[in-house]
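Here are the chains, one letter per residue:
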Amino acid sequence: MSGLTRRRLLLGGGLAATGALALLPWRAAFAAPAARVGIVGGGFGGASLARYLRRHDPKLSITLIEREATYVTCPFSNGVIAGLYPLKDVSFGYGALHAATIDTIHAEALRLDPVRKSVTLAGGKTLQFDFLVLAPGIDLMWESIEGYSPKAAEQMPHAWKAGAQTQLLRRQIEAMPNGGLLVIAVPPMPYRCPPGPYERASLIAHYFKQNKPESKIIILDSSDAFIKQELFMEAWNRLYPGMIEWIPGSKSGKVLRVEANTMKVFTGFDDYKAAVANIIPAQRAAKIAVDAGLDEGTGYCAIDPASFESRRHRGVYVLGDAAIAGEMPKSGFSANNQAKACGRAILAAIAAKPFVPAKLLNICYSFAKPDYAFSIVDGFEVKNGTIQLSFSDHRTTPLDAGDEEHRLEAESAHSWYANITADMFG
Ligand SMILES: Cc1cc2nc3c(=O)[nH]c(=O)nc-3n(C[C@H](O)[C@H](O)[C@H](O)COP(=O)(O)OP(=O)(O)OC[C@H]3O[C@@H](n4cnc5c(N)ncnc54)[C@H](O)[C@@H]3O)c2cc1C
């Protein structure tokens, strides 16, 4: 018997035993209590799921636990760093969720009990659910680079969680001298938003070209290749010749150590004195999921590819960056899509009905300058127990595309962003 069914029976028994049943109108007496869904994390995965569930079931009890009162999106935050628009343009409140009777609690979820499906909040309150969903994103592995720490990040920002770090990196870029060196350290895979560091380099180059044309960007990469590499390199040659240098892992690109007080960045063979150092360390699923053992020591959480239910604990689901989602990249688009697949699975479980796994989609836009973007469209399906790329749904902006095509891609990226943030936050 599921916890939900058991709870319904217990509640019915309690009412009958006290004689309260006779006092209730018949519909209320026999109506089952609404299932309780608890969601930890109100970002791309969590906010999308909460709104999806509410759209499909007006009675469901939905609780969203999110530490921040304002969510700042990482998508489009590279434009803030390049000075294209202010942080407020990528910041969203939870008013529409409150209005939709989603119980939005702004508190730190300190720990969870995946067996009881309960969450204990900072302050000690424990909430219990019938379905528990984790969409807490990633945490940074400070220890992956010697000398890097939350304190060092005040000199050498990662800006890989949007907000204060985004603004800090922006301020440093504005303050650096013309001719200064900006270093970007790219972590090993898997990390959130694989094209993000290269888009960041491109948009900062756009700012440099107009304001600090003698400045240079060095990308120190842990890997030997990157997504959309040819498209990025084509754009760099076309728009910023000689300004961006990319050093792959096998040519001593991997950053091993930093010294925040001297602004030095060390690889195996070389060291660089940076005017600004954007150090992005390795990542894993956020602490709340790791502490509960949902990652089983691997750093990310294994899930059923159709429902996103944890492989480790029934009735607990993991979405977005924290999950191992087969060939899907860690992106906001993916997290939003996964939320809907997971939402369908939860609604089917509540109704005790089977469900057909959804097809999943990710469209990944990158900007090289404000009116020059390109994209990859990828469809995914559940196959052989995992999420696999379905090549028939694959499209990439071609090399040699003209200015008009890149301008249309940029327009399309803006419209994607407006739509997805409206889907999440109203
Ligand atoms: C520079 C950059 C650019 C990007 N650009 C794009 C893009 O163009 N397109 C795209 O699709 N993706 C992009 N991404 C990736 C995208 O931001 C992530 O993949 C996406 O945010 C993942 O969603 P999520 O719900 O898993 O995690 P998040 O969106 O990070 O949400 C997790 C939430 O959980 C909360 N939380 C965590 N732990 C707790 C706790 N214990 N208690 C309470 N709350 C908690 C956090 O505060 C956070 O709000 C970009 C990322 C970066 C860094």
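Residues numbered from 1 in each chain as written. Predicted model: local features only at pLDDT ≥ 70, side-chain atom pairs only at ≥ 80, totals over all residues. Heavy atoms only, no water.

S.K.: Explanation requested: the packing of helix α3 (residues 44-56) against helix α11 (residues 403-425) in the structure shown.
M.R.: A pair of packed helices can be characterised by two numbers: the angle between their axes and the separation between those axes. Look at α3 against α11: their axes get within 7 Å of each other, and the N-to-C directions meet at 65°. Contact residues: F44, A47, S48, R51 and R55 in α3; I420, A422, D423, M424 and F425 in α11. (Axes fitted to C-alpha atoms, helices over the stretch in contact; angles between N-to-C directions. Helix = DSSP H or I, 4+ residues; strand = E, 2+ residues; numbered from the N terminus. Contact = heavy atoms within 4.5 Å.)

S.K.: Just checking my understanding: could you explain helix α10 (residues 332-350) for this structure?
M.R.: For α10, built from 19 residues, the straight-helix expectation of 27 Å at 1.5 Å per residue is met to within 8% by its first-to-last C-alpha distance of 27 Å. Most of α10 sits inside the fold, with 16 of its 19 residues counted as buried. Two or three places before F333, at the opening of α10, S331 has a side-chain oxygen 3.4 Å from that residue's backbone nitrogen. Where α10 terminates, the next one or two residues include A352, which has phi positive at roughly 55°. (Expected span 1.5 Å × (residues − 1). Buried < 20%, exposed > 50% of the residue type's maximum accessible area, 1.4 Å probe, protein only. Polar contact = N/O pair within 3.5 Å; in protein donor to acceptor, adjacent residues only side chain to side chain.)

S.K.: Got a minute to help me understand the state of the cysteines in this structure?
M.R.: Each disulfide is one covalent bond, formed between the sulfur atoms of two cysteines. Under the criterion given, the structure shown has 0 disulfides. Free cysteine C193: the closest other cysteine sulfur is in C364, separated by 6.0 Å. With no disulfide of its own, C301 lies closest to C342 among cysteine sulfurs, the gap being 13 Å. Classification of C301 as buried rests on a relative accessible area of 0%. (Disulfide = S-S within 2.5 Å.)

S.K.: Can you help me understand the sheet that holds strand β7 (residues 118-121) in this one?
M.R.: Pairing between sheet strands relies on hydrogen bonds along the backbone, with the strands arranged either parallel or antiparallel. Read across the open sheet, the 3 strands follow the order β6-β7-β8; overall the sheet is antiparallel. Either end of the sheet is taken by a strand with one partner, and the two such strands are β6 (109-113) and β8 (126-128). Looking at each pair of strands side by side, their axes are set apart by 25° on average, direction ignored. Alignment of β7 against β8, held across 3 bridges, turns out to be antiparallel. Bridge assignment links T120 to a residue of β8, and that residue is T126. (Pairing = 2+ DSSP bridges.)

S.K.: Please explain the packing of aromatic side chains as it appears in this structure.
M.R.: To describe a pair of aromatic rings, you give the distance between the ring centres and the angle between the ring planes. This model, assessed by the stated rule, comprises 22 aromatic pairs. A centroid spacing of 5.5 Å and a plane angle of 80° characterise the contact between F76 and F367, whose relative ring orientation is edge-to-face. Within this pair, whereas F76 is found in the loop between β3 (70-72) and α4 (77-81), its partner F367 is found in strand β22 (residues 360-369), the two being separated by 291 residues in sequence. In this structure, F76 and F367 share a single accessibility class: buried. Grouping aromatic residues by their ring pairs yields a cluster made of F44, Y71, F76, Y85, F92, Y94, F333, Y365, F367, W416, Y417 and F425. Across from the ring centre of Y207, 4.5 Å away, lies the NZ or CZ of R170, which sits over that ring. The ring of F266 carries the charged tip of R257 above its face, separated from the ring centre by 3.9 Å. (Phe/Tyr/Trp six-rings, centres within 6.5 Å; stacked < 30°, edge-to-face > 60°. Lys NZ or Arg CZ within 6 Å of the ring centre and 35° of its normal.)

S.K.: Honestly, unusual backbone geometry in this entry has me stumped. Any pointers?
M.R.: A negative phi holds for most residues other than glycine; trans holds for most peptide bonds. Following M189, the chain continues to P190 via a peptide bond in cis, the omega torsion being -5°. On the secondary structure map, P190 appears in the loop between β11 (181-186) and α7 (196-211). Non-glycine residue K228 carries a positive phi angle of around 55°. Relative to the helices and strands, K228 resides in the loop between β12 (216-221) and α8 (229-239). In this structure K228 comes out as buried when scored by relative accessible area, which is 7%. At F308, a residue that is not glycine, the phi angle is positive and equals roughly 70°. Here F308 lies in the loop between β19 (301-302) and β20 (316-318).

S.K.: Is there a simple way to explain the domain arrangement of the protein chain in this structure?
M.R.: Interfaces are often sized by the accessible area lost when the parts come together. What the domain assignment reports for the protein chain is domain 1 (3-139 + 284-354) and domain 2 (142-281 + 363-425). Distance from the C-alpha centre of domain 1 to the C-alpha centre of domain 2: 30 Å. Across the domain 1/domain 2 interface, buried area totals approximately 3,800 Å², and carbon plus sulfur atoms make up 67% of it. The largest per-residue losses of area from domain 1 upon contact with domain 2 belong to F76, I81 and F333, which jointly make up 20% of the total buried on that side. Our count for the contact surface shared by domain 1 and domain 2 stands at 5 salt bridges. (Domains from an automatic or database assignment. Buried area = accessible area lost by both parts, 1.4 Å probe. Salt bridge = Lys/Arg side-chain N within 4 Å of Asp/Glu carboxyl O.)

S.K.: Looking at this structure, I do not really get the pattern of salt bridges. What am I missing?
M.R.: Any two side chains of opposite charge can pair if their charged atoms end up close together. Per the counting criterion, the structure on display carries 19 salt bridges. As a salt-bridge pair, E174 and R170 come within 3.6 Å of each other at their nearest N and O atoms. Highlighted residues: E174 and R170, both in helix α6 (residues 164-175), separated by 4 residues, approximately one helical turn. Measuring nitrogen to oxygen at the nearest pair gives 2.9 Å for the salt bridge that ties K369 to D371. Given a relative accessible area of 38%, D371 falls into the partly exposed group. Through salt bridges with shared partners, a single ionic network connects R55, K340 and D423.

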